[in-house]
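# Overview (structure and organization)
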Amino acid sequence: KMELYTLLGECLLAQRDLRTAMEQYSEAITIGTMLSESREIENMEEVVVPIIARSQCESDLGLDDMSLADVELAIKLLEEMARINKLEDQDVLVKMHQDAASALMSRGKVQEAEAHLMNAFVVSVALIFYGILFLIIEYRSLGKAPRGKHSKAAVEGVGRPKVEQFRELSKEDRDAVVKFI
């Protein structure tokens, strides 16, 4: 049902019926919140999507305070997902921090905007670091057996290497990462 409200909101948004689209997104968010509280939803991104969409509608209608509140709510949810390694695309989190910073800058709230820009920077650097780490692990295992069970596990893991995988690398592999950077 939550997905249907989100899709209906998207249709209304495409027709530029922003207020009605906001109502549909709000219904989707309410249902998603109830599902998450009862642990019946697996992917919290399904709740974040209508929050971000509603924020866009609010922004287009000039409801800047409401829009910023939704962006910050989306950021909190995305950061929690990242903390527990459930966020597949961290670029979304970077974009949300940038959007929040832009909204705050337009209001003259430079210090608050700076905090969001720093958070966007930290996430971006972490993504680059994980990419480098993955390449090093892949290189180490290319054409030869990985040097340790943890290197093999990291290469066979799904998605980006995790911080835990870096900690579990042999000292030699960790030193190679640091030297590479």
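Bear in mind the structure is a predicted one, so any value in this text is a computation, not a measurement.

### A short note on the pattern of salt bridges
All told, the structure shown has five salt bridges when counted by the stated rule. Across the salt bridge formed by Arg107 and Asp65, the nearest N and O atoms sit 3.5 Å from each other. You can see Arg107 sitting in the loop between helix H5 (91-106) and helix H6 (110-141) and its partner Asp65 sitting in helix H4 (residues 64-83), a full 42 residues away along the chain. Arg107 gets classed as partly exposed once you look at its relative accessible area, which sits at 28%. By sharing partners, the salt bridges in this structure join Arg54, Glu58 and Asp70 into a single network.

### Quick notes on the packing of helix H1 (residues 2-14) against helix H3 (residues 45-60)
Remark: H1 packs on H3, axes separated minimally by 10 Å, with the N-to-C direction vectors making an angle of 25°. Viewed along their axes, H1 and H3 adopt a mutual orientation that is roughly parallel. Classified by chirality, the crossing of H3 by H1 is left-handed. Contacts between H1 and H3 pair Met2, Glu3, Thr6 and Leu13 from the former with Glu46, Val47, Val49, Pro50 and Cys57 from the latter. By residue class, the composition of the contact of H1 with H3 is six nonpolar, one polar and two charged.

### As for the confidence of the model for the protein chain
Put simply, the protein chain has an average pLDDT of 78, and 76% of its residues get 70 or more. Confidence drops under pLDDT 50 across residues 149-162; counting only partners more than four residues distant or on other chains, this segment forms 25 contacts.

### Considering the environment of Glu79
Assignment of secondary structure puts Glu79 in helix H4. Residue class for Glu79 comes out partly exposed when judged on its relative accessible area of 33%. As for Glu79 and Val123, which are separated by 44 residues in sequence, their C-alpha atoms are 9.9 Å apart. The residues contacting Glu79, other than those within four sequence positions of it, are Leu93, His97 and Asn119. Here His97 takes part through its side chain, which lies 2.9 Å from a polar atom of the side chain of Glu79.

### Let's talk about unusual backbone geometry
We note that Arg16 has phi near 65°; this positive angle belongs to a residue other than glycine. With respect to the element layout, Arg16 can be found in the loop between H1 and helix H2 (18-37). Of note, Arg39 is a non-glycine position whose phi angle comes to about 60°, a positive value. In this structure, Arg39 sits in the loop between H2 and H3.

Cut-off values and rules
Residues numbered from 1 in each chain as written. Predicted model: local features only at pLDDT ≥ 70, side-chain atom pairs only at ≥ 80, totals over all residues. Heavy atoms only, no water. Salt bridge = Lys/Arg side-chain N within 4 Å of Asp/Glu carboxyl O. Helix = DSSP H or I, 4+ residues; strand = E, 2+ residues; numbered from the N terminus. Buried < 20%, exposed > 50% of the residue type's maximum accessible area, 1.4 Å probe, protein only. Axes fitted to C-alpha atoms, helices over the stretch in contact; angles between N-to-C directions. Parallel < 35°, antiparallel > 145°, perpendicular 65-115°, else oblique. Left-handed = near helix turned anticlockwise from the far one by under 90°. Contact = heavy atoms within 4.5 Å. Nonpolar A, V, L, I, M, F, W, Y, C, P; charged D, E, K, R; others polar. pLDDT = per-residue confidence, 0-100. Polar contact = N/O pair within 3.5 Å; in protein donor to acceptor, adjacent residues only side chain to side chain.

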